[in-house]
Amino acid sequence: MKIKDKKAFIIYFLITVVLWQLCISLEKIITSPYMMMTSYNNPLFSVLITKNTGSAFGMLENSPYVLAIAGTIVILSVVLYVYKNISFNDKIKILFASIFTSGVLGNTVERYANGYVTDYIKLVFIDFPVFNLYDVLITLSVIIFIVLTVRDEYIKRKIKKRGN
């Protein structure tokens, strides 16, 4: 199996590890006893530490190892995709693949280590499940990936239409 672009893969790997470690550090700060004593009264969010043994919206509850194995498969699939398909010119794809992988990696490592994921961000202005920074990374990267895919498809169709 031949790597498409070694430079792209190294950048992807480095961004992934840095984001993952940054989220670990931020999580420790946000959920530390000192920060928990600090008032989080603001209109956006509060800190509410919960142990989540399921996935989004409580699906597959009490199945952390099934979810951890699924996370491992997703991570390996994305790594393989980047390894085989992404070149250094695809900087946006590198960035968002890294963001996605670091989010999945964070949740997967927590599931293997603890048997659950620690969620701690509770939105105040809407009734929404508690989530964590890794969930933010995953959601953000998926939304932007969808937007970019739709945009690229629109551009391809527009170019094809002009050609006919």
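Rules of the game
- Residues numbered from 1 in each chain as written.
- Predicted model: local features only at pLDDT ≥ 70, side-chain atom pairs only at ≥ 80, totals over all residues.
- Heavy atoms only, no water.
- Helix = DSSP H or I, 4+ residues; strand = E, 2+ residues; numbered from the N terminus.
- Buried < 20%, exposed > 50% of the residue type's maximum accessible area, 1.4 Å probe, protein only.
- Contact = heavy atoms within 4.5 Å.
- Areas by Shrake-Rupley, 256 points an atom, 1.4 Å probe, with all protein chains shown as cover.
- Axes fitted to C-alpha atoms, helices over the stretch in contact; angles between N-to-C directions.
- Parallel < 35°, antiparallel > 145°, perpendicular 65-115°, else oblique.
- Left-handed = near helix turned anticlockwise from the far one by under 90°.
- Nonpolar A, V, L, I, M, F, W, Y, C, P; charged D, E, K, R; others polar.
- Pairing = 2+ DSSP bridges.
- pLDDT = per-residue confidence, 0-100.
- Expected span 1.5 Å × (residues − 1).
- Core = buried A, V, L, I, M, F, W, Y, C linked by side-chain atoms within 4.5 Å.

Next up on the list: the overall build of the chain. Of the regular secondary structure elements, the chain holds five helices and two strands. Counting only C-alpha atoms and orienting by the principal axes, one finds that the chain spans roughly 60 × 35 × 30 Å. A burial count over the chain gives 33% of its 164 residues as buried. A fraction of 72% describes how many contacts in the chain between residues 6 or more apart in sequence connect residues 24 or more apart. About 10700 Å² of surface is accessible on the chain, with carbon and sulfur atoms providing 70% of the total.

At a minimum axis distance of 8 Å, the contact between helix 1 (residues 6-30) and helix 4 (residues 91-114) shows a crossing angle of 45°. Looking at the two axes, helix 1 sits oblique to helix 4. Note on packing geometry: the crossing formed by helix 1 with helix 4 is right-handed. Taken together, the residues of helix 4 that come into contact with helix 1 (itself represented by Ala8, Ile11, Tyr12, Ile15, Thr16, Leu19, Trp20 and Glu27) are Ile94, Leu95, Ala97, Ser98, Ile99, Thr101, Ser102, Leu105, Gly106, Val109 and Glu110. Residues of the contact of helix 1 with helix 4, tallied by class, amount to 12 nonpolar, five polar and two charged.

Among the seven residues of strand 2 (residues 117-123), six are classified as buried, and the element is accordingly described as predominantly covered. Across six bridges, strand 1 (residues 45-52) lies against strand 2 in antiparallel orientation. Residue pairing for strand 2: Asn52 is matched across the bridge by Val117.

Here the chain shows a mean pLDDT of 88. Residues at 70 or above account for 93%. Between the elements of the chain, mean pLDDT differs from a low of 67, seen in helix 2 (residues 33-37), to a high of 95, seen in helix 4.

Glancing now at helix 4. An α-helical segment advances 3.6 residues per turn. Residues three or four places apart therefore align on the same side. An ideal rise of 1.5 Å per residue puts 34 Å on 24 residues; helix 4 measures up with 34 Å between its terminal C-alpha atoms. Backbone geometry just after helix 4 places Gly115 at a positive phi near 85°.

Once that is clear, we can look at helix 5 (residues 133-163). Under the 1.5 Å per step criterion, the end-to-end length of helix 5 is 45 Å for 31 residues, consistent within 8% with the ideal 45 Å. Here helix 5 has its buried residues at Leu133, Tyr134, Leu137, Ser141 and Leu148. Looking at the buried side of helix 5, the elements it contacts are helix 1, helix 4 and strand 2.

Counting residues in hydrophobic clusters, the biggest one holds 17 residues, and the most contacted among them are Cys23, Ile99, Tyr120, Ile121 and Leu133. Residue assignment for this core shows that the elements contributing at least two residues are helix 1, helix 4, strand 2 and helix 5. Leaving out residues up to four positions away in the same chain, Ile99 has contacts with Leu19, Leu137 and Ser141. Ala8, Val78, Val82 and Ala97 belong to the second largest nonpolar core, which has eight residues in total.

We now examine the environment of Ser141. Structurally, the position occupied by Ser141 is in helix 5. Sequence separation between Ser141 and Gly106 is 35 residues; the distance between their C-alpha atoms is 14 Å. Among residues more than four places away in sequence, those in contact with Ser141 are Phe96, Ile99 and Phe100.

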